[in-house]
Each structure stands twice: as C-alpha cells, then as structure tokens.
Amino acid sequence: MAERIMAGRPTPKSSRRRSGSSTTTKPTAPTPTPDEARELLEIKLAQLNSLLWCCYGDGNGWFEEAGEKHRDNMLWIASDLAREAEMLLEVSGRG
C-alpha cells in the first residue's frame, strides 16, 4: 500500500529563532508604493480582525478546544499579519 503524503508547511524556524542561530536570506518582494501599502494594510488588518474574532471574539470556546497545534498555528498567523501590517504602515507613511 502506498504511503500517504501530507502536504503542508512545517512551522518555520524564523518565527521561533533563538539567539545565535544562523539565518538565511529570503527573497524579498518589491516594496509597495505608499498607496499600495495603505490598500494592503487595510486588507491585512481585516484579515487579522477576522482571525482574532474566530479565536476569541464570539466567546464560543472553539480556540481552547482546537488543541495546542492549531492554537499555535493561529497565533503564528496573527503574528505574521501584525508584523506585515506594521511594515505596511511604515511604507504608507513615506508618501
């Protein structure tokens, strides 16, 4: 019987770096214009708001029941969205 291959990205080490760890250079996307940054910022904040509402906003207890792995991934997504929003805010203010 063939082995089942599960597609998916492992949790990146970059979000959990320890001091002294080696880093690799990632390819970077072109810097958006201030207008593009404002538009992307609005999108990222809407995504973050929806994500956090699902985790906490309606108080249905789903987040606690999701399990450690899913809670960790949800918080990782929220962290990435917040970091991206911060960068976009900086870019949008340059114009």
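Residues numbered from 1 in each chain as written. Predicted model: local features only at pLDDT ≥ 70, side-chain atom pairs only at ≥ 80, totals over all residues. Heavy atoms only, no water.

K.L.:
When you look at helix 1 (residues 34–57) in this model, what are you seeing that I'm missing?
P.N.:
Working note: α-helix, 3.6 residues per turn, so residues spaced by three or four point in the same direction. Taken as a whole, helix 1 has its buried residues at A37, L41, L48, L51 and C55. The inward-facing, buried residues of helix 1 contact helix 2 (62–65) and helix 3 (68–92). (Buried < 20%, exposed > 50% of the residue type's maximum accessible area, 1.4 Å probe, protein only. Helix = DSSP H or I, 4+ residues; strand = E, 2+ residues; numbered from the N terminus. Contact = heavy atoms within 4.5 Å.)

K.L.:
Explain the confidence of the model for the chain to me, please; I cannot follow it from the model alone.
P.N.:
The predicted coordinates should not be examined in detail at positions where pLDDT is low. Overall, the prediction assigns the chain a mean pLDDT of 77, with 69% of residues at 70 or greater. Within the chain, the lowest mean pLDDT, 84, falls on helix 2, and the highest, 93, falls on helix 3. Taken as a whole, residues 1–21 scores under 50 in pLDDT and shows 10 contacts with residues more than four places along the chain or in a different chain. (pLDDT = per-residue confidence, 0-100.)

K.L.:
For this particular structure, what's the right way to read the state of the cysteines?
P.N.:
The term disulfide refers to a covalent linkage connecting the sulfur atoms of a pair of cysteines. This model, assessed by the stated rule, comprises 0 disulfides. Summary of cysteine pairing: C55 is not part of a disulfide, and the nearest cysteine sulfur, belonging to C54, is at 6.8 Å. By relative accessible area, C55 is classed as buried at 11%. (Disulfide = S-S within 2.5 Å.)

K.L.:
Honestly, the pattern of salt bridges in this entry has me stumped. Any pointers?
P.N.:
A side chain with one charge may pair with a side chain of the opposite charge, provided their charged atoms come close. Taken as a whole and assessed by the stated rule, the structure comprises 3 salt bridges. Of the charged contacts in the structure, one is a salt bridge between R38 and D35, with a shortest N-O distance of 2.3 Å. Here the residue R38 and the residue D35 both occupy positions in helix 1, the gap between them amounting to 3 residues, near one helical turn. Across the salt bridge formed by R83 and D80, the nearest N and O atoms sit 2.7 Å from each other. Here D80 and R83 lie together in helix 3, a separation of 3 residues that amounts to about one turn. The exposure class of R83 is partly exposed, given its relative accessible area of 45%. For D80, a relative accessible area of 24% corresponds to the partly exposed category. (Salt bridge = Lys/Arg side-chain N within 4 Å of Asp/Glu carboxyl O.)

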